[in-house]
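Residue strings, one per chain:
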Amino acid sequence: PPTRTPLMAGNWKMNLNHLEAIAHVQKLAFALTDKDYEAVDVAVLPPFTDLRSVQTLVDGDKLRIRYGAQDLSAQDSGAYTGEISGPMLAKLNCTFVTIGHSERRQYHGEDEPLVNAKVKAALKHGLTPIVCVGEELAVREAGDHVAHTLRQLDGALQDVPAEAAAGLVIAYEPVWAIGTGKVCGEEDAQEVCGAIRGRLAELYDDAGATAQRVRIQYGGSVKAGNVAKIMAQPDIDGALVGGASLDTDEFVKIVRFRD
Ligand code: PEP
């Protein structure tokens, strides 16, 4: 199978203004070495208002840190007050954009058709979607977590061709593990991540070629102390890190999960 470079992405959520963002990225860049970047792709996902500052810093200092946004509009432009478009993010050289984060689903009513439209909008403008899927606690307790997560995946990928899908990142984030300190056991995480890759192999009928290229992240209370076990699972290719990504030392340790 093709080797998938691990992707460690820091979702800052609604934290750090643009000045704090500059200080944080500078600190991170100072700590990371060429050896780190050879082994792992490292990305930060700051609030929209930080992106121009992060771009200037990354370009000016030729940093190898990638960056992206936490959401985008499904529309390219027009009368959509408060929205930020794919072309705007592409112009800022964003690599990634998270789509369908559970906080967007919960607080902004994002559903499968909207997530699907946003995935297509991102792809159209050369952005790599990090598509977030995962179940709430009640769904896991009912034993429906795999089916639930695969339904979200199917919805997100409706009419997305294989070539585009191969470049995607899927983040499995059990909602009950996000920001709670309750990390999902590595075997439970692997169960769902393995099922996601299995579904990709069904959706893209190409002997698993697409499924083997897609990077699948785990997200939910990832810390330096639990990342190694999670990364040892065969279908987990990285982590989407919330709280711990705001602490430089902790995030650097996560990047160096092999040490
Ligand atoms: C997230 O926001 O995607 C996340 C996983 O948060 P945390 O690491 O804080 O649980």
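Note that the structure is a prediction, hence the values are computed from the model and not measured.

Draft legend 1. Expanded view of the overall build of the protein chain. Helix and strand counts for the protein chain stand at 13 helices and eight strands. Since a compact globule built from 259 residues should have a radius of gyration of about 18 Å, the 17 Å found for the protein chain is in line with a globular shape. Along the three orthogonal principal directions, the C-alpha set of the protein chain runs to about 50 × 45 × 35 Å. Within the protein chain, the proportion of its 259 residues that are buried is 43%.

Draft legend 2. Region of the structure containing helix α13 (residues 248–255). Listed as buried for α13 are Phe251, Ile254 and Val255. Mapping the buried residues of α13 onto a view down its axis gives an arc of 105°, with all of them on the same face. Where α13 is buried, its residues meet β1 (7–11), α1 (18–31), α2 (34–39), β2 (41–45), α12 (227–231) and β8 (238–241).

Draft legend 3. How the structure looks around the sheet that holds strand β6 (residues 169–172). The strand order around the closed barrel formed by eight strands is β1-β2-β3-β4-β5-β6-β7-β8, and the pairing between neighbours is parallel. The average undirected angle you get between the axes of adjacent strands in this sheet is 25°. Summarising the sheet, strand β4 (residues 96–99) and strand β5 (residues 128–133) pair through four bridges and their orientation is parallel. Residue pairing in the sheet places Thr98 in a bridge with Ile130 of β5.

Draft legend 4. Structural detail: the nonpolar core. Residues Val97, Ile130, Val131, Ile170, Tyr172 and Ile254 are the most contacted members of the largest nonpolar core, which totals 70 residues. Top element by residues in this core is helix α10 (residues 186–203). It accounts for five residues.

Draft legend 5. Seen up close, the UniProt feature "active site" (unreviewed entry) in the protein chain. Within this numbering scheme, the UniProt entry marks His101 and Glu173 as carrying the feature "active site" (unreviewed entry). Maximum C-alpha separation among the annotated residues is 8.5 Å over a sequence range of 73 residues, consistent with a single clustered spot. Tracing the backbone shows His101 in the loop between β4 and α5 (102–108). Overall, His101 belongs to the buried group, with 28 C-beta atoms counted inside 10 Å. Here Glu173 lies in the loop between β6 and α10. When near neighbours in sequence (up to four residues on either side) are disregarded, Glu173 contacts Ser102, Cys132, Gly134, Ile178, Gly219, Gly220 and Leu240.

Draft legend 6. Highlighting the packing of α1 against α13. Put simply, α1 and α13 touch, their axes get as near as 10 Å, and they point 45° apart. When the axes of α1 and α13 are compared, the pair comes out oblique. By crossing handedness, the relation of α1 to α13 is classed as right-handed. Facing α1, whose interface residues are His24, Lys27, Leu28 and Ala31, α13 presents Thr248, Phe251 and Val252.

Draft legend 7. Structural context of α10. If you check α10, its first and last C-alpha atoms are 25 Å apart, about what 18 residues at 1.5 Å a residue would give, namely 26 Å. Ala189, Gln190, Val192, Cys193, Ile196 and Leu200 are the residues of α10 that are buried. Contact partners of the buried residues in α10: α8 (145–156), β6, α11 (209–213), β7 (215–219) and α12.

Draft legend 8. A look at the UniProt feature "binding site: substrate" (unreviewed entry) in the protein chain. Per the UniProt record, the feature "binding site: substrate" (unreviewed entry) sits at Asn11, Trp12, Lys13, Gly179, Ser221, Gly242 and Gly243. Despite a sequence span of 233 residues, these residues sit close together in the fold, their greatest C-alpha distance being 13.7 Å. Checked against the element boundaries, Trp12 lands in the loop between β1 and α1. When near neighbours in sequence (up to four residues on either side) are disregarded, Trp12 contacts Val44, Leu45, Pro46, Pro47, Ser245 and Leu246. When sequence neighbours within four positions are dropped, the list of residues in contact with Gly242 reads Asn11, Lys13, Ile178 and Gly179.

Draft legend 9. Examining the pairing of β8 more closely. In β8, alternate side chains face the same way, and those of Gly238 and Leu240 on one face and Ala239 and Val241 on the other are all buried. Relative to β8, β1 runs parallel, the two sharing four bridges. Following the sheet pairing, Met8 is matched in β8 by Ala239. Looking at chain direction, β7 and β8 are connected through two bridges and run parallel. When the sheet's bridge partners are listed, Gly219 is paired in β8 with Leu240.

Draft legend 10. Expanded view of the site of the ligand. Inspection of the region around the ligand gives 14 residues, with Ile178, Gly179, Gly219, Gly242 and Gly243 positioned closest. Classifying every residue of the shell around the ligand by side-chain character gives five nonpolar, seven polar and two charged.

Calculation notes
- Residues numbered from 1 in each chain as written.
- Predicted model: local features only at pLDDT ≥ 70, side-chain atom pairs only at ≥ 80, totals over all residues.
- Helix = DSSP H or I, 4+ residues; strand = E, 2+ residues; numbered from the N terminus.
- Rg over C-alpha atoms; globule rule 2.2 N^0.38 Å.
- Buried ≥ 20, exposed ≤ 12 C-beta atoms within 10 Å, placed from the backbone.
- Arc of directions from axis to C-beta.
- Contact = placed C-beta atoms within 7 Å.
- Pairing = 2+ DSSP bridges.
- Axes fitted to C-alpha atoms, helices over the stretch in contact; angles between N-to-C directions.
- Core = buried A, V, L, I, M, F, W, Y, C linked by C-beta atoms within 7 Å.
- UniProt positions renumbered as here; feature names shortened; annotations may be inferred.
- Parallel < 35°, antiparallel > 145°, perpendicular 65-115°, else oblique.
- Left-handed = near helix turned anticlockwise from the far one by under 90°.
- Expected span 1.5 Å × (residues − 1).
- Near = placed C-beta within 6 Å.
- Nonpolar A, V, L, I, M, F, W, Y, C, P; charged D, E, K, R; others polar.

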